[in-house]
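Fold and geometry: a report
Chain residues, written in single-letter form:
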Amino acid sequence: GNWASGRLSAAMVQILIEELMGFHVRTAEGSGTAMQMYAMTGCETPTNPQDRGCGPQAPKQTYFHVGMEGWTKPYWQTWAKIQRDFPATAPVNLGHIGYDGDGGQFVAFNVVRRAFETEGLLLDFYGSYHASWHTPGAYFDKITAVNVSDLTPCNENPWLSDQETLQIYVQATGDYDGVEEVNGELRGKCFSGYFWFPPACRVDTSNCVLFLTSAGYEMWVMMQRATIYNMPVAPVDVKDWERFASLPQQISCLFYAWEPDPTFLGLQAKMLMFPRYNRSDWEQGFASTAAQGVRLEKYASHDLQIIAPTVRELLSAFSISFDVVNQLLAVQKAQGSSAMDVACSWVQRNRDIWEKWLPDTTACFPQFGLFDKVTEIFKDDREGDTSNLICKACGSGSFSASLRDGKGLTYVCRPCAPGYAQPSGASTACEPCPVGEYQEEPGASSCKRCAFGQYQNATGQSQCRKCPAERTTLGLGSESLAECVCKAGSIEEDGQCVPCGIGLSCPVASKVAGLTAHLPASSADFDRPFIEHGYNSDADAPLTIYRCREHCPGGAPGTCSAGRIGVTCAECPAGSFAWGDGTCSACAEGNISLWMISGGVVLLLCVFPAYARLTGPYSPKIGATGVAWSLLGLTVEIAQNLQVVSTAPTSWPPLMVRITSSVSGLSSSLSGLGGFACIGHAGVVMMYAGQVLIFPAVIGIVLLTFGLTKLFPFVRQACSCAGATRMMACCGRLARICRIPLLPERAYTWTWYGTACLTGKFCQ
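Notes on the structure in this doc start here. Please read all numbers here as calculations on a predicted model, not as lab measurements.

**What about the side chain of T152?**
For T152, the position within the fold is in the loop between α4 (109-119) and α5 (163-173). Contacts of T152, omitting those with residues within four sequence positions, involve N157, Y194, D237, V238 and K239.

Rendered as structure tokens:
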């Protein structure tokens, strides 16, 4: 506060904090305890009683950490409001400062001595002012001794117009003549525009004793007491502090003062004594009894314990007596010195007193630990020489732990255990590593994330758990076993990771469910498994992979192009046939009869000429016709051999694939004859059966022809056919042409356990 005793106690604390503890101190003064309370709460404009600047969201921090000589009791409502409205930043009361404050009516010692020496009258006792028994005015100056220009006019004095104050006055005294009603409101009855007189001197004002106050302090109190105890005392208000401080030095009067304060120390004033304090009366506003002394206290900001615990401990221990304060104030007044000069002189002379206030440098508080300022190392105990030990905030990677030894309680900094970390300093505990993280070393400021292929589903761990051998994780810091997925090249089936075979692309985290999802075939779709181009599988057994000759674009199981169906995309749907480029086309009406008639005609036209040629007589020289037949036979054999070679499980150039497809009819394969599948809606099995029966059919026709030549001579003469030996040779020649259909067609499957021939399937 900006009063003398407040500045003096603040100067003492400032010297100790700066010079002994090494803190920089910046001071500020306020006009009263209420302002002090709001400033320490963090309000921005604490001097403005209309708006303290605490803000709608409440203060977040404060820049004032120490408050000295707080008059808490008179401002208990303000203190309670701050504690209720701003609990996060409200200041803390550190207790009694060592002396009490008091205020009231005072009289100069020379007046008291003169009255006592004259008639034994004790003017520091209220009973000596009773007008029926004594004439106290004889020892004071008349009211005319004060210049009314130094006084506040009655119409400007709030205490003479305050309705509640005047109503309590009438209730307490019954003095209706001391008030008057103006425009329906009570006013204190004023004389000469400046004076209010009590009943004891209302008739004869020459006997009135002046009571000087400023800002109306205890004017209403003196009005009640003067009336109740028949005291001829007229309270008046002085315009400003400067005039108020000088007038009691110039005239003999009663005046308002408080202790401790140096303003009237030179007068050695005595406070008037009234009946003992009655709490019940004061709660009703009745001031006939003495006021209760005010316990003066010390305040600390809410965060002082954290930022400077030793300062808070010093404040808690700080205590000086009322006599010491009064002596120092008298010295200051006599010498004209500043509060800092007087406080410094006292500190130099009274080491034995303030040393008891200083905290034990090894008695650390939470968030701090023992630290050797010479070796700059945190200590685990305070055994041996402790002269170099101080308290220092614990660093990151450590926490403040309590230690109780023979000297009492203190705190030390201990490193965080494995599995724990602390990124911040001044902490009282380490934080366990969260799931997905670990820390194997002590004293860590942060935790590490689990590496690829590892996870951690518990907190506070020093190691991560490993995924099963065939599994890994998609990233760092995995938190559960569920995040362990199959490695690239394997796929999860029924909870197990199995290797992917040829034709199946399996990125990391592949699952059968992802394979069966119908997505566009693309090797760029890295987050899902897919069947590669040229391979296919059945949706019911998606991991059984088949190599296709064509029409297998890859992607999801069962995906075929050109309208094909089947595990190797070799079939057309019922009611359609493959023609030209292999695309399935719908069967038209009449196709079946047409193909049956055409097939029979072609067969007869081919078999009879071939029989006649092959069974005809031998000639020593081959003619042009023989050369042509030989070339045709070789061409057919080459085409058939190409067909056989092209079925090998390897990749062939596109040109060879086109050639073998174009001559597929020469291999006696019905799949090369567009529209054959339309006969009876033949499927693969039926087509294969028909293909196998071609050879027996041709041999049957040959035998039929041979029989006809034996039965009908004109037939034998027409085709120049030979006997049975030549007929057998003819059958051998035709068998060479028809041997391909007799070979069963095969497909191959790749599974995780190897390659095997597919049986029970008919495919191309």
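**Regarding helix α12 (residues 339-349)**
Side chains that are three or four residues apart share a direction in an α-helix, a result of its 3.6 residues per turn. Inspection of α12 places A339, V342, A343, W346 and V347 among the buried residues, and these make up the whole buried set. Buried residues in α12, looked at end-on, bunch into an arc of 135 degrees, giving them a common side. Opposite the buried face of α12, at more than 90 degrees from it, the exposed residues are Q348 and R349. Residues of α12 that are buried in the fold lie against α1 (4-21), α11 (322-335) and α13 (351-354).

**Digging into the packing of aromatic side chains**
In this description, an aromatic ring pair is defined by two values, namely the gap between the centres and the angle between the planes. In total, this model carries 19 aromatic pairs according to the counting rule given. An angle of 80 degrees between the planes, with centres 6.2 Å apart, marks the rings of W220 and W282 as edge-to-face. Pair noted here: W220 is in helix α6 (residues 219-228) and W282 is in helix α8 (residues 279-284), with a separation of 62 residues, a long-range link. Judged by relative accessible area, which is 21%, W220 ranks as partly exposed. A relative accessible area of 21% means that W282 is categorised as partly exposed. The interplanar angle of 90 degrees and the centroid separation of 5.6 Å between the aromatic rings of F244 and F264 together place this pair among those described as edge-to-face. Of this pair, F244 sits in helix α7 (residues 241-250) while F264 sits in the loop between β7 (254-259) and β8 (270-271), placing them 20 residues apart in sequence. By relative accessible area, F244 is classed as buried at 2%. Through a chain of ring-to-ring contacts, three or more aromatic side chains come together here, namely Y217, W241, F244, F255, Y256, W258 and F264. In this structure, K392 is placed above the aromatic ring of F371, and the distance from its NZ or CZ to the ring centre is 4.4 Å.

**Here we look at unusual backbone geometry**
A cis amide bond links E259 to the next residue, P260, at an omega of 0 degrees. The topology assignment puts P260 in the loop between β7 and β8. Of note in the backbone geometry, E218 takes a positive phi value of approximately 55 degrees without being a glycine. The topology assignment puts E218 in the loop between β5 (209-214) and α6.

**Some details on the sheet that holds strand β11 (residues 377-378)**
Pairing in this open sheet of 3 strands is antiparallel, and the strands run β11-β10-β12 from one edge to the other. With partners counted over all chains shown, the strands left at the sheet margins are β11 and β12 (389-393), one partner each. In terms of strand pairing, strand β10 (residues 368-372) meets β12 through 5 bridges, oriented antiparallel. If you follow F371 over to β12, its bridge partner there is I390.

**A short note on the nonpolar core**
The biggest cluster of nonpolar side chains holds 80 residues, and the ones touching the most others in it are L123, F140, L210, L212, M231 and L254. Among the elements that take part in this core, α1 stands out by supplying 9 residues, more than any other. In contact with F140, other than residues within four places in its own chain, are V107, V111, L123, Y129, V209, S252, C253 and L254. Ranked by size, the runner-up nonpolar core spans 11 residues in total, among them V498, C500, L504 and I545.

**Side note on α6**
Of all 10 residues in α6, 8 are buried; the element is thus mostly enclosed. Among the residues of α6, M219, V221, M222, M223, Q224, R225, A226 and T227 are the ones counted as buried. Packed against the buried residues of α6 are β2 (92-107), α5, β5, β6 (233-238) and α8. One or two positions beyond α6, positive phi appears at N230, with a value near 55 degrees.

**Focus: the state of the cysteines**
Counted according to the given criterion, the structure contains 14 disulfides. Two residues share a disulfide in this structure: C486 and C497, whose sulfurs sit 2.0 Å from each other. With the S-S bond torsion at -90 degrees, the cross-link from C486 to C497 turns out left-handed. Placement of the pair is C486 in strand β22 (residues 484-486) and C497 in strand β24 (residues 496-499), with a sequence separation of 11 residues. Neither C486 nor C497 differs from the other in exposure class; each is buried. Between the sulfur atoms of C560 and its disulfide mate C569 the distance is 2.1 Å. For the disulfide bridge between C560 and C569, the dihedral angle about the S-S bond is near -80 degrees, and by the sign convention the bridge is left-handed. In this structure C569 comes out as buried when scored by relative accessible area, which is 1%.

**Topic: the packing of α5 against α6**
The geometry of α5 relative to α6 is characterised by a closest axis approach of 10 Å and an angle of 20 degrees between their N-to-C directions. Judged by the inter-axis angle, α5 sits roughly parallel to α6. Crossing of α5 over α6 shows right-handed handedness. Of the residues in α6, those in contact with T165, L166, I168, Y169, A172 and T173 of α5 are W220, M223, Q224, T227 and I228.

The rules behind each value
- Residues numbered from 1 in each chain as written.
- Predicted model: local features only at pLDDT ≥ 70, side-chain atom pairs only at ≥ 80, totals over all residues.
- Heavy atoms only, no water.
- Helix = DSSP H or I, 4+ residues; strand = E, 2+ residues; numbered from the N terminus.
- Contact = heavy atoms within 4.5 Å.
- Buried < 20%, exposed > 50% of the residue type's maximum accessible area, 1.4 Å probe, protein only.
- Arc of directions from axis to C-beta.
- Phe/Tyr/Trp six-rings, centres within 6.5 Å; stacked < 30°, edge-to-face > 60°.
- Lys NZ or Arg CZ within 6 Å of the ring centre and 35° of its normal.
- Pairing = 2+ DSSP bridges.
- Core = buried A, V, L, I, M, F, W, Y, C linked by side-chain atoms within 4.5 Å.
- Disulfide = S-S within 2.5 Å.
- Axes fitted to C-alpha atoms, helices over the stretch in contact; angles between N-to-C directions.
- Parallel < 35°, antiparallel > 145°, perpendicular 65-115°, else oblique.
- Left-handed = near helix turned anticlockwise from the far one by under 90°.

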